[in-house]
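# Chain and residue survey
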Amino acid sequence: MTVAAESAAGVVQSVDWLAIAPPTIAAVVGLLVLVADLFVGDKKKVLLGWISVAGLAVAALSLLPILNDDRSTFCLTDGANACSYTADRFTLVIQLLVLGGALLAGLLSMSALKDANGTAGQLPEGEFWFLLLSSAAGAALLPASRDLATLVVALEVASLPAFALVGLRHGDKRSSEAALKFFLSSVTATAVTLMGVSFVYAATGTLHLTEIAEELRHVDGQLDTLAQTGVALTLVGFAFKVAAVPFHFWVPDTYVGAPLPVAAYLSVVGKAVGFTGLILVTVVAFPSYADVWGPALAVLAALTMTAGNVAALRQQATRAYSAVRLLAWSSVGQAGYLLVPIAAAGYADNPAEAEKAIGSTVAYALMYAVVNLGGFAVVALVGRTQRLNRVGDYRGLYATSPLAALVLGFFLLCLAGLPPGIIGLFAKVTVFSAAVGAGLGWLAVVMAANVVIALFYYLQWTALLFRAPEGEPVKHRVPAPLTAAIALAAVLGIALSGAPQLVLRFSDTGLF
Amino acid sequence: MIDISESVMQLLLALIVVGPLIGAVAALLPAPPGLKGKSPDQAVLRHGVIVTGAILIAAIVLAFGFDHDNPSKMQATTDISWIPALDVRIHLGIDGISLPLLVLTALLTFLCALYSYFKMPSGPSPKAFVALILVLESGTLATFAVLDLLLFFLAFEMVLIPMYFLIARWGGAERTQAAWKFILYTLLGSVVMLLGLLLIGLKSGTFDMVALATDNGPRLSTSVQVIAVLAIGIGLAVKTPMWPLHSWLPDAHTAAPTVGSVLLAGVLLKMGTYGFVRILLPIAPDGMHTFAPYLAAFAVVGIIYGSLACLALAKQGAKGDLKRLIAYSSVGHMGFVLLGISTMSPTGVNGALFANIAHGLITGLLFFLVGALKDRTGTSDLDTLAQESGAALYGKAPRLGGLLAFGAVASLGLPGLAGFWGEMLALFGAFKPADDLSRPAFLTFMAIAAVGTLLTAAYMLIVVRRVCMGPVAPGARGAAKTEPQALADVQGYEFAAWTPLVALTVLAGLWPAALLGLTDPAVQQLLSGGKS
């Protein structure tokens with residue numbers, strides 16, 4: 001190896017700590033909480049929650065100093081311009097999404113942990129916060145990864161704690177079954193991805209995304225099939241994370257079995273991990289195989305949104321946990337919309353077009369993160385008194401807690417894409433325009449049909465909120481962290497509706 | 001007519017669009033001290049009257065300040081960038097085409113608010129009712145005032161949720177299904193429309209209606225125009241509604257509360273036809289040429305179909321609902337509007353715009369009247385009302401009967417009233433359509449549509465005979481039957497709400513030039529591609 005011959009200064013790299021601060025802070029705080037758990041008395045476990053939420057906030061704030069410059073670290077020393085960790089605009093936006101999402105999910109968890117305290121479904125607090133922060137650290141590392149090894153490691157760091165989080169409720173059969181289902185299907189998908197990575201490595205001889213892109217342009221004719229198979233298989237693991245068809249069956253049961261804040265976390269951060277990985281491998285690593293993954297993702301998007309929306313439509317309002325199930329299926333449908341611009345990027349004529357399409361996905365994801373977490377927060381609020389959390393239980397919510405009902409109605413209409421959810425509407429418009437601009441007229445039409453299907457169940461739920469209540473209304477007493485989470489999401493959603501440019505600008509400029 | 005500086009005009013237009021929204025938010029908040037009124041309900045209903053009244057005054061001042069010598073010029077324009085990423089601009093402005101619709105909307109909403117103040121439809125709290133009416137007003141006014149395609153779409157969608165809740169919460173029998181049908185039809189249409197709008201925007205590089213209209217679509221190839229017209233046309237045709245996409249309308253009207261019906265027929269339907277004139281005619285003329293004969297054919301079928309449906313409903317023993325009947329008559333009237341548009345000639349389009357306004361006034365009045373009748377008798381079923389011999393409204397409530405007869409003859413297009421000019425001009429337009437459209441085809445359409453006017457006259461007269469005429473039941477029919485129920489005649493607030501509509505119907509009938517003078521220059525400019 002040539003490295004051995006070089007001087008020590010060449011081997012020992014200087015690490016740009018500022019660039020890697022966001023995932024690092026999350027991970028370090030996670031470890032701190034795990035250790036602190038040993039020394040904190042049972043009465044003061046709430047402290048752990050506040051430390052974790054503060055840690056996530058600091059991690060999110062640490063994005064500020066590196067806002068305006070592209071930083072890279074862990075670069076190859078042989079002069080090739082390839083780095084393993086890059087903090088460009090894309091990375092920062094996704095890290096903001098992930099850490100913000102984890103923060104909101106953390107706020108939800110605080111009241112969930114407190115409520116579960118002393119009941120049969122008690123959650124161990126120290127472990128919970130450690131797992132949540134570790135998973136968030138992995139998810140924050142993923143968008144910065146620029147080589148396949150780091151990418152897979154980040155994917156696993158984000159996923160493995162999530163399995164444990166899903167199954168954390170001791171002695172709950174539903175919880176452990178959900179965790180097992182989630183674990184088995186996820187591990188299978190990751191194994192397939194690893195195989196794909198190995199094929200790609202075999203065909204190109206490198207793991208760095210930019211170098212792969214270069215090498216794939218002139219793959220040996222004999223290795224072409226290998227490279228193509230590798231490209232396709234690599235996508236599988238990420239498609240699983242996004243919960244794209246046919247890797248979506250785990251979603252409803254997992255969401256219902258998991259503690260509600262964890263379901264909220266998975267629905268936003270889990271999906272962010274998936275589509276970020278997809279973007280990195282498709283647009284950065286495999287642009288020359290756009291004719292393979294472009295149509296594949298387009299079909300996947302169409303199937304995913306249709307399957308998710310149709311299943312959500314068939315949810316019965318009286319079934320136990322139907323509110324969570326409905327959100328679960330709707331999140332599958334939303335994942336379909338997220339995939340549309342990525343597919344459109346495969347049809348783009350030049351890299352700038354592709355980056356704009358990617359920007360549409362990012363803009364949509366930001367909108368989705370805010371309103372979906374907000375929706376979960378209100379569902380968590382109602383779930384405190386209505387243990388079964390049926391959609392039917394939301395009847396007349398306006399009479400008991402008008403603000404919660406108005407806010408949930410707003411979130412649902414944002415997801416549906418109807419005014420007054422202006423941000424939802426324009427986020428859909430960017431996705432549509434990415435599809436129309438790429439010439440994917442059929443996909444736009446499929447999506448149009450899906451938007452109408454989705455409207456039906458979102459609006460049905462919204463209408464239920466304002467119906468006359470059945471029976472005596474029960475007053476909810478709302479804990480502070482939950483109020484904070486709902487208020488934060490609502491303020492963000494309303495601000496974005498007034499100034500959609502805040503997120504939509506990503507669909508207009510390059511992110512890489 | 002009066003000189004108002006441009007910046008004041010801008011402010012006025014912005015106020016007209018945003019004012020109702022602010023009013024809607026204010027309606028949800030508790031009333032401030034000093035404005036509490038007799039009860040919270042009364043206070044919020046009064047709030048609705050005040051806000052819509054202020055908007056109406058603003059609209060009238062705007063109409064007076066409008067430069068009537070240059071109606072083809074966009075006036076009171078505001079142009080601010082809102083979402084640069086999507087190239088969405090807050091571009092507002094009015095010309096001779098949108099001004100009458102703007103004033104009509106402000107007027108009808110005010111009258112509805114006034115009517116509800118005295119006669120609140122039964123249902124949940126008036127707070128939400130007033131807020132929804134105001135959001136609805138803002139959405140419709142914005143539709144007529146915006147000059148950006150995506151903003152137009154936003155405004156177009158904005159009315160859906162309020163109308164849905166108005167029907168579903170304050171409506172009559174089978175309101176839930178009717179509300180669903182309304183929103184799903186319209187949404188399916190408008191999502192398709194969005195695709196068409198995006199196609200135009202992406203292919204031409206701008207969403208600005210004025211820029212697109214003045215280019216007369218040179219940058220859009222014919223095939224793009226054809227697809228765009230098909231997609232946008234479907235969305236607008238659902239809203240208008242055009243046969244065979246109309247089936248949501250009768251249900252929605254039958255179930256909606258009175259003011260809901262008035263606003264639905266009076267202003268919401270106009271959003272569809274306005275879109276045809278404002279977007280499709282100038283921006284995609286080639287595409288419109290391709291589809292004009294089909295549009296005309298569907299329009300004519302709609303005219304005949306609407307009339308025949310009304311005839312069937314008006315028949316004795318058909319259990320026809322009066323509201324449903326007027327809804328079907330709307331399908332016929334909007335058929336004339338579409339026929340006028342499809343001729344692509346100045347005469348036809350002017351006629352269409354005139355018929356638009358006339359329909360808003362007359363059908364709004366008719367829905368008010370039928371709603372009042374339903375409140376008094378408890379039914380709008382024609383057979384129950386008329387029994388064997390007729391409901392004898394002339395005898396029981398002469399003023400109400402007289403107004404109903406007035407509305408009916410105005411609706412059938414009696415010369416001298418508003419309904420006449422629009423339909424006649426639309427037929428004239430079909431007599432001589434734009435140069436490159438097949439004249440024989442349009443002559444045929446004209447002949448069939450003319451038959452439609454006869455059918456309209458037939459069913460309207462049947463309705464008048466069955467509802468207004470008939471013997472006032474003699475008191476000597478036995479003690480069990482006793483006296484005929486005395487019907488309260490027109491009340492003061494009803495007079496207040498209906499007189500403006502009657503007066504404007506007569507005015508527009510006798511002095512059509514007032515309206516045509518506004519629309520004609522603007523239409524000429526639109527059809528010639530911005531070269532006036």
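Before any of the text, the structure's been laid out above.
In short, a report on the structure. (Residues numbered from 1 in each chain as written. Chains lettered and ligands numbered in written order. Predicted model: local features only at pLDDT ≥ 70, side-chain atom pairs only at ≥ 80, totals over all residues.)

## Comments concerning helix H9 (residues 209-216) of chain A
Residues and elements named next belong to chain A.
- Leu 209, Ile 212 and Leu 216 are the residues of H9 that are buried. End-on view of H9: buried residues confined to an arc of 55 degrees, all on one side of the axis.
- Among the structural elements, helix H8 (173-204), helix H10 (224-242) and helix H12 (260-285) are those in contact with the buried residues of H9. (Buried ≥ 20, exposed ≤ 12 C-beta atoms within 10 Å, placed from the backbone. Helix = DSSP H or I, 4+ residues; strand = E, 2+ residues; numbered from the N terminus. Arc of directions from axis to C-beta. Contact = placed C-beta atoms within 7 Å.)

## So, the interface of chain B and chain A
- Counting from both sides, the interface comprises 23 residues of chain B and, opposite them, 27 residues of chain A.
- At the level of secondary structure, the elements contributing two or more residues to the side of chain B that touches chain A comprise helix H5 (149-158), helix H6 (160-170) and helix H7 (175-204) of chain B.
- Among the elements that line the side of chain B that touches chain A, the one with the most residues is H7 of chain B, at 11 residues.
- Taken together, the residues of the side of chain B that touches chain A break down into 22 nonpolar, no polar and 1 charged. (Nonpolar A, V, L, I, M, F, W, Y, C, P; charged D, E, K, R; others polar.)

## Some points on helix H18 (residues 422-437) of chain A
All names here are of chain A.
- Between the first and last C-alpha of H18 there are 22 Å, a value that for 16 residues agrees with the 22 Å anticipated at 1.5 Å per step.
- Within H18, 16 of the 16 residues are buried, which leaves the element mostly enclosed by the surrounding structure.
- Following H18 by one or two positions, Gly 439 adopts a phi angle in the positive range, close to 80 degrees. (Expected span 1.5 Å × (residues − 1).)

## A few points about the nonpolar core
Residues and elements named next belong to chain A.
- Grouped together as the largest cluster of nonpolar side chains are 427 residues, with contacts concentrated most on Ala 136, Met 367 and Ala 435.
- Per element, the largest residue contribution to this core is 21 residues, and it comes from helix H15 (residues 351-383).
- Apart from the residues lying within four places of it in its own chain, the contact partners of Ala 136 are Ala 26, Leu 56, Val 98, Leu 99, Ala 102 and Val 269. (Core = buried A, V, L, I, M, F, W, Y, C linked by C-beta atoms within 7 Å.)

## Focus: the environment of Ala 137 of chain A
- Considering the arrangement of structural elements, one finds Ala 137 of chain A in helix H6 (residues 125-141).
- As a C-alpha pair, Ala 137 of chain A and Ala 158 of chain A span 21 residues in sequence and 7.1 Å in three-dimensional space.

## Quick word on unusual backbone geometry
- Of note, the amide linkage connecting Val 245 of chain A to Pro 246 of chain A takes the cis form, showing an omega dihedral of 0 degrees.
- Of note, Pro 246 of chain A is situated in the loop between H10 and helix H11 (250-257).
- At the junction of Thr 240 of chain B and Pro 241 of chain B, the peptide bond is cis and its omega measures out at -10 degrees in the coordinates.
- Take Pro 241 of chain B: it is sitting in the loop between helix H9 (222-239) and helix H10 (248-255).
- Phi angles above zero are rare outside glycine, and Glu 174 of chain B is one such case at about 55 degrees.
- Summarising the element assignment, Glu 174 of chain B is placed in the loop between H6 and H7.
- Despite not being glycine, Met 344 of chain B has its phi angle at roughly 55 degrees, a positive value.

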